[in-house]
Structure formats: C-alpha cells, structure tokens
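Residue-level structure breakdown
Listed here are the chains, written in short residue letters.
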Amino acid sequence: MDRNMKILVVDDFSTMRRIIKNLLKELGFTNLEEADDGQTALPLLKQGNFDFLVTDWNMPGMTGIDLLRAVRADPELVSLPVLMVTAEAKREQIVLAAQEGVNGYIVKPFNGATLKAKIDKIFERVES
Amino acid sequence: MTQAREHEFQPVVGREKRLADARALVEAIENEDTPAEAQLIGELTAAYSGNIFDEVGRMTREVHDTLKSFAEDERLGVLAEDEMPDARDRLRYVITLTEQAATRTLSITEDATPTAEQIVDRSQRLKDELAKVAASEADNARLGGVVESMSRYLDSATTCGERLKGQLTEIMMAQEFQDLSGQLLMRVIDLLEQLEEKLVGLLQITAPVRGAKAEDGKSAPAERAEDGVGPQLPSAGDNVVKNQDDVDDLLASLGF
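Heads up: these notes are all about the structure in this document. Predicted, not measured: the structure shown is a model, and the values here were computed from it.

When you go through chain A residue by residue, the secondary structure sums to five helices and five strands. Each helix and strand of chain A, placed in order from N terminus to C terminus, yields the pattern β-α-β-α-β-α-β-α-β-α. Relative to a compact globule of 128 residues, whose C-alpha radius of gyration would be 14 Å, chain A shows 13 Å and is just as compact. A principal-axis box enclosing the C-alpha atoms of chain A has dimensions of 30 × 30 × 30 Å. With 128 residues in all, chain A has 58% of them scored as buried. Considering only residue pairs separated by 6 or more positions, chain A has 65% of its internal contacts joining residues 24 or more positions apart. Counting every atom, chain A has about 5,100 Å² of accessible surface; 46% of that belongs to carbon and sulfur. Positive and negative charge centroids in chain A, built from 16 and 19 side chains respectively, lie 4 Å apart.

See the structure below:
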C-alpha cells in the first residue's frame with residue numbers, strides 16, 4: 001500500500017476530521033485533505049486525483065451516502081475506494097451502504113486499530 | 001336510534017301531533033300520494049331538527065371557548081416564542097463548549113506527541129553512541145559501569161516515551177465524544193424547532209393578532225435512514241448494531 005496516496009477525509013465535525021487525520025498520520029499517511037460535507041467533497045474529488053475517500057454519513061448539505069452514490073456514478077471516480085466512518089448503526093443503513101458500493105464501514109465510536117484493519121483489508125482487495 | 005340519543009334529542013313537537021303525522025304518512029304512502037308523503041316526512045323531521053341545531057350550536061361554542069382560552073393562555077405564547085428558542089440556544093452552546101474543550105485537548109495532544117517521539121528517538125541515539133564509547137574504552141571498568149547504568153536509564157526512557165505516545169492517542173480518541181454528543185444534541189434541537197413551529201402555527205390560527213413569527217406549511221419530515229439518523233442510544237433495539245463486530249458480521253453476511 002502506498003503511504004503517499006492522497007486521502008480525503010469528510011466529516012461535518014471538525015473534531016472528528018482532526019481525529020481521523022491524526023490516526024491516518026500515525027499510520028504513516030501524510031497526503032491528507034479534508035471537507036465538511038458531500039457538497040464540498042465532490043468538486044475536490046473530481047479535480048484532485050484522490051486515491052481514497054473516508055467519509056461520515058450524516059452531514060448537512062450532502063450526506064455521505066449521496067456522496068458515495070455520486071462517486072459511483074462518476075466514470076472517473078467509480079473505482080475510488082470508499083470507507084465510511086459513521087455513527088449510523090442501523091442494519092438497514094449498513095446494508096444500503098454495501099449495496100451502494102462502499103468498501104468498508106466503521107461505526108463510531110471506533111479506535112485506531114479498527115481503522116488500520118479496515119484500511120489494510122480494503123487495499124488488500126483493491127491491489128489483488 | 002339508541003336510548004342515549006333519544007334522551008339527547010327530545011322532540012320539540014307534542015306526541016299527539018307526531019302520532020297524527022305518522023298515521024297520515026302511512027296513509028299517504030298507501031295512497032301513493034307522493035307530495036303529501038314528502039311534506040309529512042319534513043314535518044316529522046322538523047320535530048327533531050330544532051334540537052340537533054341547538055346541539056351543534058352548543059358544540060361550536062365549546063370549541064370556540066376552548067380555542068379562545070388556548071389562545072389567551074399567555075404561558076403558551078411565552079413557551080413558543082421565548083423559552084423554546086432559548087432552550088435551543090442553550091443546547092447549541094453546549095455543543096460549542098464541548099467543541100472548544102475537544103479542540104483544546106486535541107491541540108495539546110498534537111503538541112505533546114512529537115515531544116514523546118523525541119524522547120524515544122534521542123534516548124535510542126544516545127544509547128547507541130554510549131555503546132560505541134564503551135566498546136572503544138573496553139579496558140576502562142569504571143566507564144563501563146557508568147555506561148551500563150546510563151543505558152538502563154535510556155531504555156526506561158524509551159519505554160516511557162512509547163507509553164506516553166499510546167496514552168496521548170487514547171486521549172485524542174476520547175475526544176470522539178464531541179461528535180457523538182453533538183449529533184445527539186442537534187437532533188434534540190431539531191425536535192424543539194419542529195415543536196415550536198407547530199405551537200406557533202396553532203397559536204396563529206387561534207389568535208392571529210398575536211403576531212407569531214413562524215413560517216407555516218413547513219411540515220416536519222419523518223426520520224429517514226437515507227438522510228442519516230444519528231448515533232443510536234445504548235437501549236436501541238435489534239435493528240441497531242452494537243459494535244464493530246456486529247458491523248463486520250453483517251457485512252460478511254453480504255459477502256464482504
């Protein structure tokens with residue numbers, strides 16, 4: 001896995017963006033950018049050569065699930081790996097995210113070990 | 001007709017007249033005298049309808065009085081126009097305060113982490129340098145002893161530095177509470193907003209002069225999983241996953 005890959009972290013709470021970015025830095029990822037909802041994230045993704053998207057679900061403006069749909073509907077972004085890190089914990093939501101093509105799903109509260117495990121798994125599959 | 005309703009609607013016309021009308025009605029039907037039949041039915045109905053109108057009038061007055069007292073209840077106006085917005089502001093302030101506290105804690109852990117890393121790096125470098133000195137001065141027993149005890153100290157400094165780094169990460173992760181509690185509070189704020197809107201709308205209908213300020217026609221949307229429903233409470237039912245293992249099991253069952 002390339003530690004220099006460009007990652008976009010999307011969450012409406014600045015506290016959570018900071019926590020996720022710090023955890024990613026601890027895992028050796030340094031090329032990090034952030035956005036506070038789907039609406040601001042999508043233009044960044046379209047022009048930014050991102051390799052990985054980490055997004056929350058429940059955000060004003062454009063939700064994470066709609067962002068996921070927009071990503072999967074865009075031929076340029078269709079294969080971008082997407083990890084959801086969210087407090088949304090209903091079974092139907094997890095099933096919906098899977099149907100819409102999410103690559104990993106983490107429920108808050110979470111920890112660094114879980115984040116590392118999911119990222120490892122996602123890129124194991126992507127690269128194989 | 002039931003007993004109860006017969007009591008409620010006492011006919012206003014005497015028994016003799018009603019009996020006479022009823023007999024005349026039977027006769028009219030037998031003689032196929034349609035105009036007479038219609039007129040007699042009208043008269044019989046009129047014996048009751050006077051009372052029905054009274055009853056409807058009474059009910060209308062009751063509804064009117066209830067709405068009037070609702071509108072005149074100053075407490076409701078204060079609740080809808082002052083206290084509920086105030087409660088929302090307070091909850092928003094709680095979100096701001098927890099955000100400030102979490103941000104402050106994050107800044108400190110971000111500052112402290114490189115310090116802990118430095119302790120680890122420098123201790124290891126110093127230990128390596130000391131080992132080289134000790135090797136080149138192998139015959140100096142006194143120096144050897146000092147290097148030995150310094151190395152032990154540097155080892156423990158490395159361990160402490162590593163532990164400190166882990167603890168700083170834990171402190172950072174604990175700030176996650178701000179996101180979760182903030183999302184829950186925003187849902188309560190949203191609920192208060194909807195409640196307030198409804199109350200103001202109702203007060204506007206009952207007393208337009210009050211000059212309430214809410215926009216109408218904005219109906220409360222039902223909670224949709226699509227939009228995200230926020231953190232679930234620990235008491236939530238089976239429809240909600242309890243931890244990451246549950247999420248992984250569910251995704252595994254979908255072929256993930």
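Residues and elements named next belong to chain A. Read from one edge of the open sheet, five strands run 2-1-3-4-5, paired in parallel fashion. Because the sheet does not close on itself, it has two edges, and the strands there are strand 2 (32-35) and strand 5 (104-107). For this sheet, the mean inter-axis angle between neighbouring strands, taken without regard to orientation, is 20°.

Residues and elements named next belong to chain A. Residue position: Asp-36 is located in the loop between strand 2 and helix 2 (38-47). Through-space distance from the C-alpha of Asp-36 to that of Pro-60 is 8.8 Å; in sequence the pair is 24 residues apart. A polar contact is formed between the side chain of Asp-36 and the side chain of Thr-40, at a distance of 3.1 Å.

So, about the pattern of salt bridges. This model, assessed by the stated rule, comprises 25 salt bridges over all chains. A salt bridge links Arg17(A) to Glu34(A); the nearest nitrogen and oxygen atoms lie 2.5 Å apart. Of the two residues, Arg17(A) sits in helix 1 (residues 14-26) while Glu34(A) sits in strand 2, which places them 17 residues apart along the sequence. A residue is classified by how much of its surface remains accessible, and Arg17(A), at 12% relative accessible area, is buried. For Glu34(A), a relative accessible area of 33% gives the class partly exposed. The structure contains a network of salt bridges with shared partners spanning Arg88(B), Asp89(B), Arg92(B), Glu193(B) and Glu196(B).

With that settled, consider the nonpolar core. Ranked by internal contacts, the top residues of the largest apolar core, which has 32 residues, are Leu8(A), Val10(A), Leu45(A), Leu53(A), Leu67(A), Val71(A) and Tyr105(A). Listing elements by their share of this core, those giving two or more residues are strand 1 (7-10), helix 2, helix 3 (64-73), strand 4 (82-86), helix 4 (91-99) and strand 5 of chain A together with helix 7 (244-253) of chain B. One finds Ile7(A), Phe13(A), Leu24(A) and Val85(A) within the second-largest nonpolar core, a separate group that totals 25 residues.

Another aspect to go through is the packing of aromatic side chains. In this description, an aromatic ring pair is defined by two values, namely the gap between the centres and the angle between the planes. Residue and element names in this part refer to chain A. Applying the stated rule across the entire model yields one aromatic pair over all chains. On the numbers, 5.0 Å between centres and 80° between planes, the contact of Phe-52 with Phe-123 is edge-to-face. Of this pair, Phe-52 sits in strand 3 (residues 52-55) while Phe-123 sits in helix 5 (residues 112-127), and the two are 71 residues apart along the sequence. We note that Phe-52, like Phe-123, is buried. The aromatic ring of Phe-29 is capped on one face by Arg-3, whose charged end is 4.9 Å from the ring centroid. Over the ring of Phe-50 we find Lys-6; its NZ or CZ atom is 4.7 Å from the centre of that ring.

Time to look at unusual backbone geometry. In this structure, the amide linkage connecting Lys108(A) to the following residue, Pro109(A), adopts the cis form with an omega of -5°. Relative to the helices and strands, Pro109(A) resides in the loop between strand 5 and helix 5. Of note, Asn49(A) is a non-glycine position whose phi angle comes to about 50°, a positive value. Among the secondary structure elements, Asn49(A) is positioned in the loop between helix 2 and strand 3. For Asn49(A), a relative accessible area of 67% translates into the label exposed. For Glu32(B), which is not glycine, the phi dihedral falls at a positive 55°. Within the element layout of this structure, Glu32(B) appears in the loop between helix 2 (15-30) and helix 3 (34-72).

This part covers the pairing of strand 2 of chain A. All names here are of chain A. The pairing of strand 1 with strand 2 spans four bridges and is classified as parallel. Bridge assignment links Leu-8 to a residue of strand 2, and that residue is Glu-33. Where the polypeptide runs from strand 1 across helix 1 and back to strand 2, its parallel neighbour, the crossover connection is right-handed.

Here is what the cut-offs are and how they apply
- Residues numbered from 1 in each chain as written.
- Chains lettered and ligands numbered in written order.
- Predicted model: local features only at pLDDT ≥ 70, side-chain atom pairs only at ≥ 80, totals over all residues.
- Heavy atoms only, no water.
- Helix = DSSP H or I, 4+ residues; strand = E, 2+ residues; numbered from the N terminus.
- Rg over C-alpha atoms; globule rule 2.2 N^0.38 Å.
- Buried < 20%, exposed > 50% of the residue type's maximum accessible area, 1.4 Å probe, protein only.
- Contact = heavy atoms within 4.5 Å.
- Areas by Shrake-Rupley, 256 points an atom, 1.4 Å probe, with all protein chains shown as cover.
- Lys, Arg positive; Asp, Glu negative; His and termini not counted.
- Charge placed at Lys NZ, Arg CZ, Asp CG, Glu CD.
- Pairing = 2+ DSSP bridges.
- Axes fitted to C-alpha atoms, helices over the stretch in contact; angles between N-to-C directions.
- Polar contact = N/O pair within 3.5 Å; in protein donor to acceptor, adjacent residues only side chain to side chain.
- Salt bridge = Lys/Arg side-chain N within 4 Å of Asp/Glu carboxyl O.
- Core = buried A, V, L, I, M, F, W, Y, C linked by side-chain atoms within 4.5 Å.
- Phe/Tyr/Trp six-rings, centres within 6.5 Å; stacked < 30°, edge-to-face > 60°.
- Lys NZ or Arg CZ within 6 Å of the ring centre and 35° of its normal.
- Right-handed = clockwise from strand over helix to strand, strands pointing away.

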